Each structure stands twice: as structure tokens, then as C-alpha cells.
Amino acid sequence: MAGIYLHIPFCKKACHYCNFHFSASTRYINEMAQAIGTEAALRRRYLDEPVATIYFGGGTPSLLSVTSLQMLLQKLRDNFTITNDAEITLEANPDDINVERLHSWKMLGINRLSIGIQSFNDADLSWMNRAHNAYQALQSIVLAQRAGFSNITIDLIYGTPTLTNEQWRRNVQQAIDLNIPHLSCYALTVEPNTALHKMIENKKMPDVDEEKQSQHFELLVRWLKDAGYEHYEISNFAKPGCESRHNSSYWQGKPYLGLGPSAHSFNGTSRQWNVANNALYMQSISRSTVPFEIEHLTPMQQLNEYIMTSLRTRQGISLNHVSAQWSEVDSMALIKGAKRYIMQGNVVFVNNHLQLTRSGKLLADGIAAGLFR
Amino acid sequence: MKQIRNFCIIAHIDHGKSTLADRLLEHTKTIGERDMMNQVLDDMDLEREKGITIKSHAIQMQYLHNGTTYIFNLIDTPGHVDFSYEVSRALAACEGALLLVDATQGIQAQTISNLYLAIDNDLEIIPIINKIDMDGAKIPEVQDQIIDLIGCKEDEILLASGKTGIGIEAILEAIVKRIPAPTGNTEAPLQALMFDSVFNSFRGIIAYFRVFNGTLKKGDKIKFVATGEEYFADEVGVLKLGMQPVNEISAGNVGYIITGIKNAKEVKVGDTITLASNPGEMIKGFEEVKPMVFAGIFPVVTEDFEELRDSMDKLQLNDASLTYELETSQALGFGFRCGFLGLLHMEIIQERLEREFNQTVITTVPNVSFHAYTTRGEKIIVNNPAQMPELTKLDRIEEPYIRAQIISLPEYIGNIMTLCLGKRGILLNQSYLTTTRVELIFEMPLTEIVFDFYDKLKSQTRGYASFDYTPIDYRESDIVKMDILLNSEKVDALSALIHRSRAQDFGRKLCEKLKELLPRQQFQIAIQAAIGAKVIARENISAMRKDVTAKCYGGDISRKRKLLEKQKEGKKRMRQIGNVEVPQEAFLAVLKLD
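Residues numbered from 1 in each chain as written. Chains lettered and ligands numbered in written order. Predicted model: local features only at pLDDT ≥ 70, side-chain atom pairs only at ≥ 80, totals over all residues. Heavy atoms only, no water.

1. Re the pattern of salt bridges
For step 1, the next point in the chain: Per the counting criterion, the structure on display carries 48 salt bridges over all chains.
For step 2, the next point in the chain: Two residues, Glu166 of chain A and Arg169 of chain A, come together in a salt bridge whose shortest N-O distance is 3.0 Å. On the criterion of helical spacing, the pair formed by Glu166 of chain A and Arg169 of chain A is a turn pair, its members being three residues apart in helix H6 (residues 165-177).
For step 3, the next point in the chain: Classification of Glu166 of chain A by relative accessible area gives partly exposed; the value is 37%.
For step 4, the next point in the chain: Among the ionic pairs, Lys481 of chain B bridges to Asp483 of chain B, the shortest N-O distance being 3.4 Å.
For step 5, the next point in the chain: Classification of Lys481 of chain B by relative accessible area gives partly exposed; the value is 25%.
For step 6, the next point in the chain: Shared partners join several salt bridges into a network, and the residues in it are Arg271, Glu295 and Glu305 of chain A together with Arg561, Lys562 and Glu565 of chain B. (Salt bridge = Lys/Arg side-chain N within 4 Å of Asp/Glu carboxyl O. Helix = DSSP H or I, 4+ residues; strand = E, 2+ residues; numbered from the N terminus. Buried < 20%, exposed > 50% of the residue type's maximum accessible area, 1.4 Å probe, protein only.)

2. Looking at a negative patch on the surface
Residue and element names in this part refer to chain B.
For step 1, the next point in the chain: A surface patch of negative charge is lined by Asp144, Asp148, Glu154 and Asp155.
For step 2, the next point in the chain: With respect to the element layout, Asp144 can be found in helix H5 (residues 139-150).
For step 3, the next point in the chain: Given a relative accessible area of 46%, Asp144 falls into the partly exposed group. (Patch = residues over 30% accessible without salt bridge, like charges linked within 9 Å, V, L, I, M, F, W, Y side chains within 5 Å. Areas by Shrake-Rupley, 256 points an atom, 1.4 Å probe, with all protein chains shown as cover. Lys, Arg positive; Asp, Glu negative; His and termini not counted. Charge placed at Lys NZ, Arg CZ, Asp CG, Glu CD.)

3. So, the side chain of Ser265 of chain A
Residue and element names in this part refer to chain A.
For step 1, the next point in the chain: On the secondary structure map, Ser265 appears in strand E10 (residues 264-266).
For step 2, the next point in the chain: For Ser265, a relative accessible area of 0% translates into the label buried.
For step 3, the next point in the chain: Within the local environment of Ser265, its side chain forms a polar contact with the side chain of Arg43, the two groups lying 2.9 Å apart.
For step 4, the next point in the chain: Of the polar contacts made by the side chain of Ser265, one reaches the backbone nitrogen of Gly258; its length is 2.9 Å.
For step 5, the next point in the chain: Residues within four places of Ser265 in sequence aside, it is in contact with Arg43, Tyr46, Tyr256, Leu257, Gly258, Ser270, Arg271 and Gln272. (Polar contact = N/O pair within 3.5 Å; in protein donor to acceptor, adjacent residues only side chain to side chain. Contact = heavy atoms within 4.5 Å.)

4. Here we look at the interface of chain A and chain B
For step 1, the next point in the chain: Each partner contributes to the interface: chain A provides 48 residues, whereas chain B provides 27 residues.
For step 2, the next point in the chain: Carbon and sulfur atoms supply 50% of the area buried between chain A and chain B, which totals about 3,300 Å² over both sides.
For step 3, the next point in the chain: Remark: the boundary between chain A and chain B carries nine salt bridges.
For step 4, the next point in the chain: Its salt-bridge partner being Glu305 of chain A, residue Arg561 of chain B comes within 2.6 Å of it at the nearest N-O pair. (Buried area = accessible area lost by both parts, 1.4 Å probe.)

5. Considering the nonpolar core
For step 1, the next point in the chain: Within the largest apolar cluster, 72 residues are counted, with the highest numbers of intra-cluster contacts made by Trp105 and Ile154 of chain A.
For step 2, the next point in the chain: Setting aside chain neighbours within four positions, we find Ile154 of chain A in contact with Ile115, Ile117, Phe120, Ile141, Ala175, Ile180, His182, Leu183 and Ser184 of chain A. (Core = buried A, V, L, I, M, F, W, Y, C linked by side-chain atoms within 4.5 Å.)

6. Overview of the pairing of strand E28 (residues 479-486) of chain B
Residues and elements named next belong to chain B.
For step 1, the next point in the chain: Summarising burial for E28: seven of the eight residues are buried, a large majority.
For step 2, the next point in the chain: Judged from the four bridges that link them, E28 and strand E30 (residues 496-499) form a sheet pairing that is antiparallel. Paired with Val480 across the two strands is Ile498, which belongs to E30.
For step 3, the next point in the chain: Across five bridges, E28 lies against strand E31 (residues 525-531) in antiparallel orientation. Within E31, the residue paired with Leu486 across the bridge is Ile527.
For step 4, the next point in the chain: Here E28 pairs with strand E29 (residues 489-490) via two bridges, running antiparallel. (Pairing = 2+ DSSP bridges.)

If you want it as C-alpha cells, here you go:
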């Protein structure tokens, strides 16, 4: 089973922390949709497997007109085999959500909404430079649920300077109370070349407080566990059976096709990414050429990616899988390398899997690097 | 012999020695302009970059003057404090010296100490003021300085510019007229002073010598007096731009000899070459070169030890003043305890290892050679903190002292005094060489020079100070061994031998620096400095709390994998001390404390 990701590179305004590729001018959004549709046709042979998940991400895909969305979904159906029960996710910002659009999205077959809530708190939202306020956040969820979307995920951000432990608790509680089946909760990250990075560098804003972030994370894990959510990936929580199938496929090493500027594709042995420039992308597509760079992964790099991504998940690193896909030697080396982390109490060895403990989850990167071959 | 002139050039770094030498070679047509590579005498890259001459060389010129052809042997001298013995041997091979002083800078300490050496060797001094064409040339002032110093007449001082060629003819004439021809007996038993040697990977050691008495012929069986070793003179010759073999070299002249010796250790600068069949006496002034500063040199990656050993062996072939023996460190594995002539020499070795042999190394805290006396009356030479006897068995320690000479401008006297007295110096003398040049003489512990002295002197005087030293004696002193502990594990590579009054400050700075350089780990790290069991400084590095990326989706995987792979590579280069991972920069940090 494979997945398709469509990158819609437009936003109404720039959030201070965001380093994704987008343009804040939506002038060419329809032309861009056409180009992405064309790319889908050009790359119809990229995937050998049926498509089980489709994901509209961005940017802000909820800015797309219903006509454009319809056209894109039709292009995908024309060019790929899509399973009947495919998970089709649309990322939507609260300020774009209204009853009319929700009904159209439903009609088009979109069956999962990822709503960019970030916070239910106004001070927080304005600090982030989001386009919506707390009222719109709440309203958008209620409307979506009324329109029949039960498979909803929301994004929440913690560890911002404006967010106290108490406000964080209220944010999480609000999500629980709304009976949202899936939550992606991200520690505020200072990415290079963002407004946030510049503000911190110029001392206009304090740097992220690692201790506060760690506390928020630990509280979050406890609250959501008590509320019946599974912590199935470092930043992802779901009620049983409501895990994101699309995102899970990234962590399981399944192939995916990425369409649109800056989108990454992966076929098991190579990864390629389109140019991160809207104009260059459209020009190139108009000449029927996909503008991309590519890297071919050695078996060792593939193994390292598996270690890095699977370690973040609930299942952890499957040594049986490593033995089968790579070698017994690699599997043994992993056990040996994990010993120190097991002694520290950051990793456990269960059913031939290496899994992060609660304390280990905060240190996942260093542990992954330590386990790399 | 009457037509031979043997001379050297005494100058401070950057005063234009190499440029002047180039002009002399040009004017005597020893080299054509086309062959001219600037600064012919400095032929190592490193020398050219540092602007100093590390190894001395000799070159022969022919100069036609009033119908007579004269043979000039220019013997080049190294230009740094660490090499003063080599300088003294080069001077001993000459009858005259060109004293070269930069018109904009005036006389510097280094120049003066070498000048005194030259006067001690009865050399005829020809003073030259160089760079007279520069803005800021202070000719009358520098003339006064020179007159004060050597008591010559104003008209004996030549004015020149190596850059434009002004005054070069006058210098050549003065060499003929003022420097005496060598004396000696070509029929007497051979006595040739070996003043330098270089290593050539094809020919082996090439030794440079000056014949005082007798004649050295190709094929002679020769003997080095000090080592007692005998060899055949496979080739003798003179040095022009390249080597030029000749059949014999007689009293008064300078040349080179090749005997097939492969190791620089066998040829000692200052030794006398004579004939095995009819030996002459040793020329006075020979000394075994003794290393002054010691430090451990370790490969960055332990597996590279054998490669490093090879490189050290090769390096020593052409630098006999480098000594080394095997050393093992718990922290750094196998390496070498090396002896250097001084700190600059240490830097040069380190850089040559990197450039010529492609070896990146970790150098440990340098120390001087201490004498420790045990309660049982044994004397132990301590070149390494690990050799220090236990406190309970230690009676006393002695440390080496030097006589330091500093020349600077009067306005910096206060700063220099503060610096030197703070470094346990004792002021012996203060005198004005001229109204704008003051000379300060201190007695100081050598170990104080090893740590950050040059840099401090430079910053305290805005660069207007020059420094020279000679070792004098050993004196009893309160030297302690200070250890660094990481989570209670001693890091042997960071131990230092230091005066008790310095220990606390040094320990505190080192702990602070290590706190900066050690990456946070998944547990707390305690950094301690201790003398014996007594902790004198401490810093903590708190455990890393959070090390995890928020997002890891399709577009993030490549970037993140590369980042973590790089991290993993970095970790490989770290050394494990107990449970703490220590990056190599931490070992170098001690050398760079403010």
C-alpha cells in the first residue's frame, strides 16, 4: 500500500515558527492546482502499489477552491489505483472552515480533517501570528463534527513562552472534552530562517525553555493516557483505531508520492524532492518536466531511517524486521548498542523490539544517533 | 682563503632578512631573476607562512670586486627564541655579521641577544638600517640606538632597502672590506664545525659545516668527535642555489657533506667533523640540545597510533631536537611524550604533523622538566604529571628558572612589571638602551612562560615588546599536580604540574572551559579540579532534558537522518572517560585558557 501527499504552498499569513515552503500571495493558487494535477499525470508510474492514503498538506490546502480540490482528486483517480476505503485527509485552518465548505469536502470524499488549531488561547494564537482566534478554533471543530466529520485530528503547540502549565492543561482538556479522536502535539521548535529564530537571535524573545517543554510533554502524556488515548508516536496520540494511516506509512517505510513544490517522494530505495519555488515549479511542469533532486539510499542509510522513525513509534524497532530486511549482524549490533540506553532506563527490550521508555521519548534523537549503524 | 668571507645576518622577525638575502643573491648573480622565488632561504612552507626561519641554511656567492673574485658564504640563522643554541653554532661559523634593523621598528630583544652572541664570538658587526624607504622610517633614532648598543660611528651604519635594492652594493663592498678573511691551516688535522643539517628523503642527512683547519676531501673516512661515529664522505660540495659537488673543501670555507646517515639523531649540531686517520680536537662550544617543554601527543582516533608513530619517526629524521617516547594515557590511549625546545617548536611540530603527514593530533598540557626529590633522597626527573611521586614520598620539587630579557617602549614598563611579577618574576635590572627603548631583565620560572605568556605580553604592550630567554638554574618550588575529574574519574590527559599559587585560578578556569566544551549528556556531569584528594574547583553540567525533534514526516526524514549521522560521526571522535564522552576540543582547551 502506498500514499500520496499533495503540497499546497499558500498561506494567508506566515506563522512565526513555520519553515515549510509556502507563498503568502494566493494569486496563482488555481494555476498551481492545475500544475499539481499535471504532475500527478506525469508521475503516474511512480508507485507500483495501490494508494491507500491521500493527504492534502501545506501550506494551507483549505484555501483551495472546491473546483480545484475536485479536479485534483479526479486526476488522482484517473492516474492511480485508489482503494475503496482510502483515508483522504485535508489540512484545514479554522478560519477557512464554514458549513458550506465542510459539506463540499464531504461530498468530494474527504473523510479526515486535520485542523490547525495550535491553541485554544488567544494570547498564544496572536503570539504565533496565526490567522484565527480562540473562538474560531472551537467553532471550527464543532461545525466539522456537525457536518459529519468524525475522523478529526487537531494540531496543538506547547512550550511557547505565553503558555503556562495551567493553560496547557486547559488546551488539552478542551480537545478531550470535544472528543477529538486524534491529536498531534508539537513542542515549539525554533527552525532556522523563521521569524521566531530572528526574534530570538535579536533578543526580542526568550529562547525556548527546554525545562518547560519537557514538563509540558510529560503532563501531556499523562493526561492523554488517562483520557484513553494511545501514545503511538512521539508527537501523535489517538483513540484506539484512529491512528493516522498516512503518517504511519512514513514511519513504516512504505512508498509515497509527493506532488507539488518541495514535496518529497520515496520508493523504498531513493528519495526525491521537488524544487521549493512556486514559479520554477510551475514553469517546469508547463514543459512537462518534474523539477526534482534525488538521493539514492544505501542499505545502511535505509536501516538508519528505519531505526530513526520506528524508534519514535509505539512498536519500536523490530529486530525480526531488521534481521529479515537487513541482516542478523545488524540486529545483534542494535541490541549491543542499546545496552547502555537500557541500563539508563531510556529503552526497553520487549518481544524482540527496542522501545523508548517514557523518559527515553524525550531523548529519542540522541538515542537514535547512538543506535545508527 | 683571503678571498673568503663568512657571515650571517642578525635580524628580528619581519625586519627583512630574507628579502635582503634575496637581493645579495641577485646582485652577485648567484641566481637569475627568473629563478627568483621570493625569499629563497626559507624553503619550508611553514617558514614562509610564519615569516620566520626555522632551519638554518647556507649559500655561497661569488662577488667580483676591483678585479678580484670573492667567495661569500652566507650562513642563515633561525629567528626565534627556541632556537638560540642553533643560532650560536651558526654564528661560530662566521667572521662577521650583518646587523639588520628595521627603520620603522628599531632594535628588538631578539636582535640584541643574538648580537651579544655575535660579539661574544668576536664577529665583525656591520650595522644596516633596512626599509629606509618606508613611511615611518625613523633613521636618526635607530642610528642612535645602534650607536648606543655597539659603540660604532654614525658613518659605519649602512642604509638600505631590501625591497628596492638601495644600498645593496655598499653592503657587498662592506663585506669585502670590513669582515676579516678566515684564518686557519689547511695542512693541520681536520676540524670542521657542523652547524646544521637537513634531511633529504633521497640522500639522507646533509650536514653543513665550516672548516677551521685542514681539508675535507671526497672519499675521506671522517669521524664525528662528540658521537665518536665514523663514516665515509660520499659527497662533499658547496651550496649555490642547489648542491654543487666538489673534490675538497679547505680551511676557511663552508660546505656540505653526505655520508649516507639516515637519522638526524646521529648528527649533532655543534659537533666537530675530523678525519678518522688523523683526528683533530673538538671545537669548543658543543652542547647536547636539551628539550625544555614536554607534552603528550596523541592521535585523535586511537586506531591511527601506528601511523602517528611512523610520522614521528620520519619527522625526527630531520629534526633531531625533537625527542619522544611512548606514553599511554587512560583517556587518550597510546601516544608519545615529546620534548620540544620551546612552545614555538611544539607548535611547529604539531603543524608539520598535520601538513606534511596529514596527522591530526591531540596535544596535552605542556610542562617543563621538574626535579622531584623523594624522602629517600632519590632524584626523579618529572617530564610528565604521571611521573610525579606521591605526596607522602615527596621531599621537595625544583623547577627550572630562566633569565628573561624584554625590550619595549617606556610607556609599557608598568604593564610588563605587573605581568612578570604576577608570573613570579624577579626584576634584576631595568635600563634604557635609548630614550625610547627600555630593557627589563627578570628571573622567572620557565613554567610561567609555557602558559599564555607570549600572548599576554603582546596584548599588554600592543605588540611593542620583544622577548628572549636563557635557562639559568633549578630552584626549590611549591609545585603541585592538579587533576581534573569527570564524575570522579581522573582524566590523566588533563593533569597539570603547576605552582600552588596558580592552581586554584587555573583549576577554576579549566573547569569553566570544560563546562562550555563538554556536550550535555543524558546524566549530570560533575567537573572537578583537585590537588590530591582536595577539590579546589567544581562545575556541573546538568543532564540533557530534551533531545527530540517534534516532527518526523515524509519531508523531514532525509534531513534528520543526515543530522543524526553527523552526530554519530562526531561521537566516534570523542573519548570515553568513565561514562562521560569528551570531545577532542576539550583536550585542547587547556592550551587556550585566557
